[in-house]
Every structure is written in C-alpha cells, then in structure tokens.
Amino acid sequence: MIPFFAPRANLPISADSTGRYLPWLVAMMVFLAVLALAGALAVGGVLDEWRRDVAGTVTVQIVPATGVDPASARAETDRRVAQALAVLRDRPFVASAEPLEEPRLVALLEPWLGASDLVRDLPLPRLIDVRIAADARPDLKALGETLREAVPGVSLDDHQVWLAGIIDLAEGLSLLGVLVVGLVAAATAATVVHATRLGLEVHREQIEVLHLIGAHDRYIAQQFAARMVGWTLEGGLIGLLVAMPTLMLVSWLAADMEQGLLPPFSLSFWDWMALALVPAGAALLALVTARMTVRRALRRMV
Amino acid sequence: MIPFFAPRANLPISADSTGRYLPWLVAMMVFLAVLALAGALAVGGVLDEWRRDVAGTVTVQIVPATGVDPASARAETDRRVAQALAVLRDRPFVASAEPLEEPRLVALLEPWLGASDLVRDLPLPRLIDVRIAADARPDLKALGETLREAVPGVSLDDHQVWLAGIIDLAEGLSLLGVLVVGLVAAATAATVVHATRLGLEVHREQIEVLHLIGAHDRYIAQQFAARMVGWTLEGGLIGLLVAMPTLMLVSWLAADMEQGLLPPFSLSFWDWMALALVPAGAALLALVTARMTVRRALRRMV
Amino acid sequence: MRFENVGLRYGNGPEVLQDVTFALGPGSFHFLTGASGTGKTSLLSLLYLARRPSRGLIGIFGRDITAMKRDDLPPIRRRLGVVFQDFRLLDHLSALDNVALPLRVAGVSESDIQKHVPELLTWVGLADHINAKPPTLSGGQKQRVAIARAVINRPDVLVADEPTGNVDDRIAFRLLHLFAELNRLGTTVVIATHNETLVRRFRFPRLNLAGGGRLEVLPPLADVEEGAAEGGSPAAPGAMAGVGPVPPASLAARSDG
Amino acid sequence: MRFENVGLRYGNGPEVLQDVTFALGPGSFHFLTGASGTGKTSLLSLLYLARRPSRGLIGIFGRDITAMKRDDLPPIRRRLGVVFQDFRLLDHLSALDNVALPLRVAGVSESDIQKHVPELLTWVGLADHINAKPPTLSGGQKQRVAIARAVINRPDVLVADEPTGNVDDRIAFRLLHLFAELNRLGTTVVIATHNETLVRRFRFPRLNLAGGGRLEVLPPLADVEEGAAEGGSPAAPGAMAGVGPVPPASLAARSDG
Ligand SMILES: Nc1ncnc2c1ncn2[C@@H]1O[C@H](COP(=O)(O)OP(=O)(O)OP(=O)(O)O)[C@@H](O)[C@H]1O
Ligand SMILES: Nc1ncnc2c1ncn2[C@@H]1O[C@H](COP(=O)(O)OP(=O)(O)OP(=O)(O)O)[C@@H](O)[C@H]1O
Ligand SMILES: [Mg+2]
Ligand SMILES: [Mg+2]
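What you see is a predicted model; the values in this text were computed from it and never measured.

Residues and elements named next belong to chain C. On the protein side, the magnesium ion (ligand 3) has Thr-41 (OG1) and Gln-85 (OE1) as donor atoms, found 1.8 to 2.2 Å from it. With Thr-41 in helix 1 (residues 40-47) and Gln-85 in the loop between strand 6 (80-83) and helix 3 (95-105), this pair connects stretches of sequence that are 44 residues apart. The exposure class of Gln-85 is buried, given its relative accessible area of 17%.

Set out below in structure tokens:
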C-alpha cells in the first residue's frame, strides 16, 4: 500500500532513534560482507588460473650410476629407471609415467652444454614424465621421499612440488574465504534481526496504539516492514558504495604488487553483480524478519 | 561508585531494549575483529618463515658460447660473464655478484654427469652467485629480462623468481589483513559508538529526570557508562568465546591441508593475548564513547 | 454492551475486578467513578478490547468478545473510540495526523480527512496547534487531541478515561457537551472521571467501583443548589449554554465510521 | 525566589510568557492558575531550572540563575522538589526506588532510605504498592509516587504541576494537606492546578496567567458557602480534618536534603 522508497511523511511508525542508527549498522555489515565475498570470489578466480598453470605432470630425475665399466653402469641406470617407474605406476593418482628417450634428453641439454659431440657420450641423467590423474591431489613430497627410499639417486622437480603446495594453500584460503563470507552473512542477518527487534521495542507504543485503533495486523506489519526495509536498503547501499572504491583500491594495490607474476586480482561481471545484490539481500532479510517479528509480537496482544 | 560487574538492581539507567541487543551487536563485531586479527597475525607469521626460506641469493646462469675454436668460445663466454656482472653490480639491490669458479662448477655437476674426465673438457655453463641487499625487494622478473636483453644466453633461476613472487603476494595479503583488521576495528568502534548513542536516545527521559533531580553530570555519565561497559564486555566475551573455537577449527583445517609443506598456521602466546584483549578494547571504547556522548548530550541541557 | 460475572486479575495478584455484571443500553451515557486504584482503567481496558477478562463474559454489539478470534476484533475496535488516561499520542505525528489516524486506518479518503480533522481540532480549541507535535503541546492540549482522535470516527461506543484531568472546568464542560452531543446522535458513552463537579452537572447515571473490585450501578448524582453555588465562576452552566452544545458539523454529518 | 521581566519563547514562536515579574517570599504558598495552554508548565519549568528564559532575570535562593554556570546548578536543583505534569517516573524502578532516587543522588545512606521511603509511600496510600513498577500502577497511584519523590527530600522549594489531576478529591485534599504541612515547616510551595475546588478550599494567594502570557498576582479565592454546599461529600473539610494534617513523621524529622 505504501511505496517502499517514498514513505509518506505521516507514516504511523516514527523514524526516531532506529532510523538514525539502523542504516549505519547495516552499512557496516554490508561493507564487510561485500569485502569478504569479493575476497572469496577473487581467490577462487586466482586459484582457477593457477590450477591451469600446473600442468598435471611431474618430472622425476634419476642420476646415472657411475662405474668403471660404462656398459654395466648404463644397465644399473636402466634398472633404477625401471624401479622408479614401478613405484610411480603403483600410485593411484599417477595416470601414466614414461621415461624420456635419450635423443630427446640430449636435445634438452644442448642449450646448456653446447652441441659438442662429447655430450652424446656422457652418462646423462634420466627423466621420467609423470602424468597426474585429473582431480587427484597427490602428496608429492611424500612421493618424493618414497622414491628416494626405494631407488638411489631419484629426485622430484622441486618447483612443481612447491607449486602444488601453494595451490593446496590457496584452496585452503578459498575455503576459508567462503567460511568467512558465511560468517559475515550470518552476522549481517543477525544484525538485521536484532535491529528489527530493537526497532520493534522502540516503537512498541506506536504499534500498540495502531492495534487498539483497529488496524489489522497486516497493515501494522506492512508499515513497520516498509520502514525497516527502507532503512536497511539505505544502509546497504551506503555500505556497497563505500565497499566498491575500497575493492578497487585493493585490486589496484594487488595488481601493483604481484608484478604480473600471478594472475591479476580481478572479478568477473557476475562477481560484481553478486556483490551488488548484497544490499538487496539484506533488505529482503529485513523485510522477512520485520514482518515475522511484528506478527509474532502482535499475536501476543489480545 | 558502582562496580562495573555487579550493577545494582536499582541502577537508574534501565536495561530495556539496549541491554538486550547491544551485547549481541558487540559480540558479532568482536567475533569478526578477532578472526580478522588472527588472520593477519597468522599470515604475518607464515611470511616471516618464508622470508627466512628465501636466502637472499639468486643464481644467474650463462650458457657457454659455442664455436669451432674452443679458446675463442671460452673468451666469448668470459666476456658475457663480465657483461652480466656489470649489469648486476649496477643494480642498487645487489649487494654482491661473484662468478663461481670452474672447479666448484664441476663439483656441482658431478652428481648429475658422473665423475667422468669428460666433464672437465665440456663447455660448462657459468653461474653467478648474486647476493641481494637485505630488505631490498627486487623485481627479479624485470632483472631477468634486462639481463636477457643485454647478454645472450643468460637466465635467472626460475624457482627463486617464483618464490620471490609468492613472498610479494603474501606480503600483499598480510597488508590486506592489516587493512581488514583496521576496517573491522573501525566498524566495531562505530557499532559501539552508535549503540551508545542509541542507548542514550532510548534512555533520554531517564537521563533528563536524573538531571532535573540534581544529579551531577559525572554521576549520570558514570551510571550510563557503567551500563554500556557492562553490556559491551558481555557481548565482547561472547564474541571471543565463539571466535576461539572457530579459530581452532580453522587452524586445524589449515594444518591438515598444508601437509607440512608450509609453516603451520599458528599463533604465538602473544598473538593469543592480543586476541583476548579485543573485548577489553571494545569495552574501553564503549566507556570513552559513553562518557563523551552523555557529557555532550548533558551540556545541551540547561 | 454486557458484562457478566467478569473478573480480572494481573498475573497472580488478587482480582482487581470481581463479579462485575452490568449492561449498557445502546445510546446510554454513564459515568464510571471510584477511588484511585479501584480498577476503572482496568474495567475500561476490557471494554476497549485491550485485555481479555480472567473470567466471565463480555458482549459488545451483541457478540461475545471472549469467544472471538483476534482477527475478528479490528472491525469491532473501529466502532469504538477511546481516550486513554495517558493520551498515547504518537509523538512524531502532528496533531492533525494523530487525529486522522483512525480515519487513515479505516481507509477514509485524504480529502475528507483534510476537511473534517481541522474542523474538529478548531472546535476543541486547537486551531493554532493543528500542525504542532505532541511534545510541544501543553498537558491540556494533548488531552484534547486525544479526545478528538477518539471521536473523529463518530464511534458507536465512546470510552474515555479521565478525559478532563488536565483541563480547566470551562473546557471540561465544553468537552462533555461534545460527548453528550455524540450520545444524542446514538453513541454509547462511558466516562471514567474523578471530577465530581462534572458528575453533578451532567446528570447521567453512575457506575461506581467500590473497594474489592465490585461494581454498583447508581442513579445520577444530584447537583445541589446548582446556580447559587457556582453562578459566578466561568464554569457556570449559564456560560456553557452559549458555547457548548453546538457540536462540530462534520461530526454530526458523518454517517458511519 | 524572584522573576523580573521574564520572557520565554520556544524557537521562533511567539512569547509564551511576557514580562513576568513576581517574588515569592520564603515559606510562601501559591496556586498557579490559568486556562490550558497559557504557559503554567512553561513558567514552572523555568522555576525548576529545566529551561533558561529568553530574557529577564530569575533569582533563586538569592542567586541569579540566568548568570550561573550549569555546573553550579545541581546543588540548587537538590533543594527543589518537582512534581511533573506527566510524572516522569522511571518505568524500570519500583515505586520505592523511584522515590528514593533524590536521596540516592544526594548520597543518603541506604538504611535511612529503607526507613523513610516506605513510611511516606504508606502515607500517600501506596502501602500495597511499594515494590510495584510504574507500568502496573493506576494513573492516580503514579501521581502519588511522583509527589512522594518530590517531597521525600524536604525541599526548600516545592513545584507541583497539576499534582491532583488523576486522583479524587479526597486524596487531593490529603495531598494538599501534605503540601501545606511542608509549607508550615518552611518550604516555599507553588502548585499549578485546574481544580477550582482545591483553590477555594485552601485559601492561598494565586498567581494567574491570563492570555498573552502575562501574570497577575491575585488574593485567595473565597470558598463560598463552604460547609453548606458540599458538606455531605467525602471531600468535606470535616472529613479531611481527621486524616489530613498529620504529615509523615519522617518528613518532619529530616533536617536538610
Ligand atoms: N498491568 C498491571 N499489572 C499489575 N497490576 C496492575 C496493572 N494495571 C493496574 N494494576 C493494578 O490494578 C489496580 C487497578 O488499577 P486501575 O488502573 O484500573 O485503577 P484506576 O481505577 O484506573 O485508578 P486511577 O483512578 O488512579 O487511574 C491498581 O491497584 C493497580 O496497581
Ligand atoms: N517544547 C515546546 N515547544 C514549542 N511550544 C511549546 C512547547 N511547550 C509548550 N509549548 C506551547 O506553549 C504554550 C504553553 O504551554 P504550557 O505547557 O506551558 O501550558 P500550560 O499552562 O501548562 O497548559 P496545561 O494547563 O494544558 O498544561 C502552549 O501553547 C504550547 O503549545
Ligand atoms: Mg485509571
Ligand atoms: Mg501544563
């Protein structure tokens, strides 16, 4: 009956203390909620990029065996490669493990050691290309240790172990971010609920008078809810308006610091839309709470 | 006059709506503040460990020049090393840059290529040990590019570039954490301020009566502040009590996920003390705000 | 309007009202008297449906209130006009908006409101305070706004709790003439009052609450030596005759709240 | 207690009080009369230091209030007792704690409070409601709690705004006897009232606020044919003589608030 955004000046629910403070409380909560949500979304985005970065492959190196007799040393090296392959193929998360052929090895080394013919005669280290099964989350460090125990002279590429660890960490962070968003959302909801109750408390007399004058519960709840929603929206928009420049600043700072090494802290169009919906969510929450609270309070009256 | 924790039942400031809702609002804000502070402290701790991990050194590799004449190729390689050294020593963040002697190089390569005499005759890559000035935050990626442009066949150790980037990112995160703590602290302060004002609004009549009965401003401010501090402390302790298990849970989850690769998410004794002080901080804030707000309101009366 | 063996107690306290039984005919006018704290406000609060009795039956407009669902009460409340002892005005609304409230709740058009409300406010002597908010009104002015709010809807039953406690006798008589005029137009009126002069002047039957929460119905109190005793005072009936009895036209004109 | 050319206006409105000049001797007793809305409450609010006048001088206890700093006012306020027109009781405190408030603010010991406060409450007829909270009290009971709070401290000046609007004449007379007894013990009393019967019965001089915010000092209003007119009513002076004039002992005994 009463339009939400242009409340009549003579609305029977007054705009005293509640109206002055509720919007600020909601503004703060929405501000925090938007920041937390943005953080979670952004970490999620970075994570996706990183995950694409780590090819699902790990390289295992095997130092060639040394000995007086080159032929037996080479045989020993081959045995070690076979051993390592057996260990690797035993793991459930290993999709495939293939040793690199010597010509390819030599080609790999050429930029380092020159194209000298000598290279071909060197006892070269062997490499095994290990393809990790999609979606598997292997403990590479443990794998490295197992290999080292089983086969002498084996090592995993350190960099990739590191990167996998970082991704694990980032996934933890992302989960934490989601947790924080949940918490902040709960806190925002609780704030709105409490503020609504507080408003009800402050306006109890007015509500009682309306009741005794013969207003229907629906009318009173509507009047009250309209006020609450108005204030919540007001506060929510303020919170959003303050949060946006803050996000831009953070995003700019992050871009500056990462030096292009990491995917930029960026949000997609849909991410931004989700953020913009936070105040609306708060208002909806206020609407539902206000109506329920007032209805329940009214039912306690005669 | 009135003890904070055992307010007389006949305190002239009533405990109606404000008393019922202020503690919950404060509890939520303190909860968030504690989580944010814990996050910032923990990231700070991890960062310290990581920083210790990256030795302040970077390794620059120079691929040997190839040519028909080994002597002239070697001279060309020496020239390249000298060039790279010049570029490196030109940087303000480079404390020292020393080429590794060939015997040490050979020793380094031995586990890879075996102790064969052949190695000594290979055109080996040269390494330069670059020591970064303490506290400098060099842009290694840019350095790598500059070197590549100036000297053919130069490269920086990738892993270290990566790690430096990660540290930069973590530092950004830590800064962000501090920023969030600041924001949440500000929000908590604002909540307490607004709740105090709201309380004042709700209790205006009571304060006016006390005033007209001949109570001194100090007495009224004290009564009011005692109430506000009591409620804030109550809320703050609730917030802290809920935040602690949450932190434990997060810490446990984090420890589980990092798989020992990264320093564990852990807080020192002093960190925990700092967290425990958050409710006290909120109460102090309430005390100061309540007194100031009441005093100011009273000064507006005759 | 019927009370049968009505009893009321607050919480676990003693019965404030005991075995109250009476019936008010449509269009009747009664004073409710009794010492302070005997339960007048409590009795009236049952009448204006702010409370349900602990026991007994209450019938209004031929319907049993005690058996009705709460959703059915608002239409009945709209046929009642109430002047609360503590006014209960909405502090943030102007006098006009306060008085207009029952009309707004009932969905009366804004143009009707703008026509009738100022007229009634002028009649109760608040022409200069139509847009004033209650906190800036004097005690007597607030009381008159409360009365205007109760009668604006031309209720079928008017319940007034101490409606003249904060005004002088001249205004009190004027207000009582308003009630009497409403009564003449068919409204049932019950007025709780401590003002003996009023009770004497307007010879309406009395409901008297004696100690112990029991109600007795008494005949009108005789106004002894009326003209002689207070002829010179501004409250004399002669003085009232000229101002009082003409009710605001709008009030008489309205058909049904 | 002196007013000199005092004027008061709210915001930019007209002057509610104009050139009010009068002096109340120590130990005097005055009624403040005037139609509703003429400024009685406004005048009293100047007296009990809730407002400063827009112009003019106000002297209390030989000191010029208008020139004093606000930090110096509390000691003066403690020598004043005020009954507000709208009571202003603290809803969350019991009747006892409400009445004890001025004593607590002044630092009186708890044992004295527990002795004197119930005595005074009993005297005003609230023996059964000592621990009741204001929302559960009737209008007249609240008013009596407000009066008890104003007199508990045996103030040097008692200011009462319509202190008998919600009680019947019997209690009103009893309360006025209390005020008169305080007055006999040296308290200066000013009572704003609409109750003409009271003004006639207690023959104290009147301050009358006429239209336009001007004040005139009038002699006591004569009580015409006192005994003859209302001899049979419970409010008759004969009836009062037995109950009224004995003030609570504690009130007489206390030396200085
Ligand atoms: N909400 C309540 N809870 C408990 N007791 C109450 C409540 N309201 C009133 N009472 C008690 O019921 C009794 C009757 O109160 P009520 O207000 O009906 O008296 P009244 O006749 O209107 O008095 P007055 O003339 O002083 O207004 C009083 O003793 C009062 O203390
Ligand atoms: N706070 C205020 N702001 C503006 N105007 C006010 C304020 N308080 C009172 N007034 C106006 O001042 C005038 C005098 O009010 P006051 O309350 O002093 O009257 P009163 O003599 O006490 O009346 P009553 O007998 O009805 O209590 C009234 O017209 C009122 O509207
Ligand atoms: Mg009553
Ligand atoms: Mg007044």
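Time to look at helix 7 (residues 204-213) of chain B. Among the ten residues in helix 7 of chain B, seven count as buried, and that is most of the element. Restricting attention to buried positions, one finds in helix 7 of chain B the residues Gln-206, Ile-207, Val-209, Leu-210, His-211, Leu-212 and Ile-213 of chain B.

On to the coordination of the magnesium ion (ligand 4). The coordination sphere of the magnesium ion (ligand 4) contains the protein donors Thr-41 of chain D (OG1) and Gln-85 of chain D (OE1), at a distance range of 1.9 to 2.2 Å. Here Thr-41 of chain D falls in the partly exposed class, since its relative accessible area comes to 29%.

In low-pLDDT segments, the atomic positions of the prediction should not be examined closely. Residues and elements named next belong to chain A. Counting all residues, the mean pLDDT for chain A is 75, and 72% of those residues have values of 70 or more. Counting interchain partners and residues more than four positions distant, the pLDDT-below-50 stretch residues 1-7 has ten contacts. Predicted confidence is poor over residues 259-263, with pLDDT under 50, and the contacts of this stretch with residues over four places away or in other chains come to 14 contacts.

With an axial shift of 0.0 Å and an RMSD of 0.0 Å, the rotation relating chain C to chain D amounts to 180°. One copy is carried onto the other by what is essentially a two-fold rotation axis. The position closest to the rotation axis in chain C is occupied by the C-alpha of Gly-165 of chain C, lying 2.3 Å away. Comparing interface residues between copies, 96% of those in chain C also lie at the interface in chain D; the contact surface is shared.

For the rest of this paragraph, the subject is the site of ligand 2. Close to ligand 2 lie 21 residues; Gly-140 of chain C together with Ser-36, Lys-40, Thr-41 and Ser-42 of chain D are nearest. The site occupied by ligand 2 is bordered by residues of chains C and D. Between an oxygen atom of ligand 2 and a side-chain N or O atom of His-129 of chain C, the distance comes to 3.1 Å. Out of a free accessible area of 630 Å², ligand 2 has 86% covered by protein chains. Every element with two or more residues in the shell around ligand 2 is listed here: helix 5 (139-151) of chain C together with helix 1 (40-47) of chain D. Residues that form the shell around ligand 2 fall into these classes: four nonpolar, 15 polar and two charged.

Moving on to a negative patch on the surface. A cluster of acidic side chains, namely Glu-205 of chain A, Glu-205 of chain B, Asp-91 of chain C together with Asp-91 of chain D, defines a negative patch on the protein surface. Among the structural elements, Asp-91 of chain D can be located in the loop between strand 6 (80-83) and helix 3 (95-105).

Moving on, we get to helix 5 (residues 139-151) of chain D. With 13 residues, helix 5 of chain D extends 19 Å between its outermost C-alpha atoms, agreeing within 8% with the 18 Å of an ideal straight helix rising 1.5 Å per residue. When you tally the buried positions in helix 5 of chain D, you get 13 out of 13 residues, the bulk of the element.

This brings us to the UniProt feature "transmembrane region" (unreviewed entry) in chain A. All names here are of chain A. Mapped onto the present numbering, the UniProt feature "transmembrane region" (unreviewed entry) falls on residues 21-43, 173-195, 228-252 and 272-294. From the first C-alpha to the last, residues 21-43 spans 34 Å; its make-up is 100% helix and 0% strand. The distance from the first to the last C-alpha atom of residues 272-294 is 34 Å, and the span holds 100% helix and 0% strand.

Turning our eyes to something else, we now look at the interface of chain C and chain D. Where the parts come together, the accessible area they lose is often given as the size of the interface. The partner chain D presents 23 residues to the 24 residues of chain C that form the contact. Between chain C and chain D the total buried area reaches about 1,800 Å² when both faces are included, carbon and sulfur atoms providing 37% of it. By the criterion of area lost to chain D, the three top residues of chain C are Ser-36, Asn-166 and His-194 of chain C, representing 26% of everything that side buries. At the surface where chain C touches chain D, the tally comes to zero salt bridges. Counting across the chain C and chain D interface gives nine residue pairs in polar contact (both at pLDDT 80 or more). Of all elements in the fold, only helix 5, helix 6 (169-184) and helix 7 (196-201) of chain C reach the threshold of two or more residues within the side of chain C that touches chain D. With four residues, the single largest contributor to the side of chain C that touches chain D is helix 5 of chain C.

Rules behind the numbers
Residues numbered from 1 in each chain as written. Chains lettered and ligands numbered in written order. Predicted model: local features only at pLDDT ≥ 70, side-chain atom pairs only at ≥ 80, totals over all residues. Heavy atoms only, no water. Donors = N, O, S within 2.8 Å, 3.2 Å for Na, K, Ca; no water. Helix = DSSP H or I, 4+ residues; strand = E, 2+ residues; numbered from the N terminus. Buried < 20%, exposed > 50% of the residue type's maximum accessible area, 1.4 Å probe, protein only. pLDDT = per-residue confidence, 0-100. Contact = heavy atoms within 4.5 Å. Least-squares fit on C-alpha atoms with pLDDT ≥ 70 in both. Near = heavy atom within 4 Å. Polar contact = N/O pair within 3.5 Å; in protein donor to acceptor, adjacent residues only side chain to side chain. Areas by Shrake-Rupley, 256 points an atom, 1.4 Å probe, with all protein chains shown as cover. Nonpolar A, V, L, I, M, F, W, Y, C, P; charged D, E, K, R; others polar. Patch = residues over 30% accessible without salt bridge, like charges linked within 9 Å, V, L, I, M, F, W, Y side chains within 5 Å. Salt bridge = Lys/Arg side-chain N within 4 Å of Asp/Glu carboxyl O. Lys, Arg positive; Asp, Glu negative; His and termini not counted. Charge placed at Lys NZ, Arg CZ, Asp CG, Glu CD. Expected span 1.5 Å × (residues − 1). UniProt positions renumbered as here; feature names shortened; annotations may be inferred. Buried area = accessible area lost by both parts, 1.4 Å probe.

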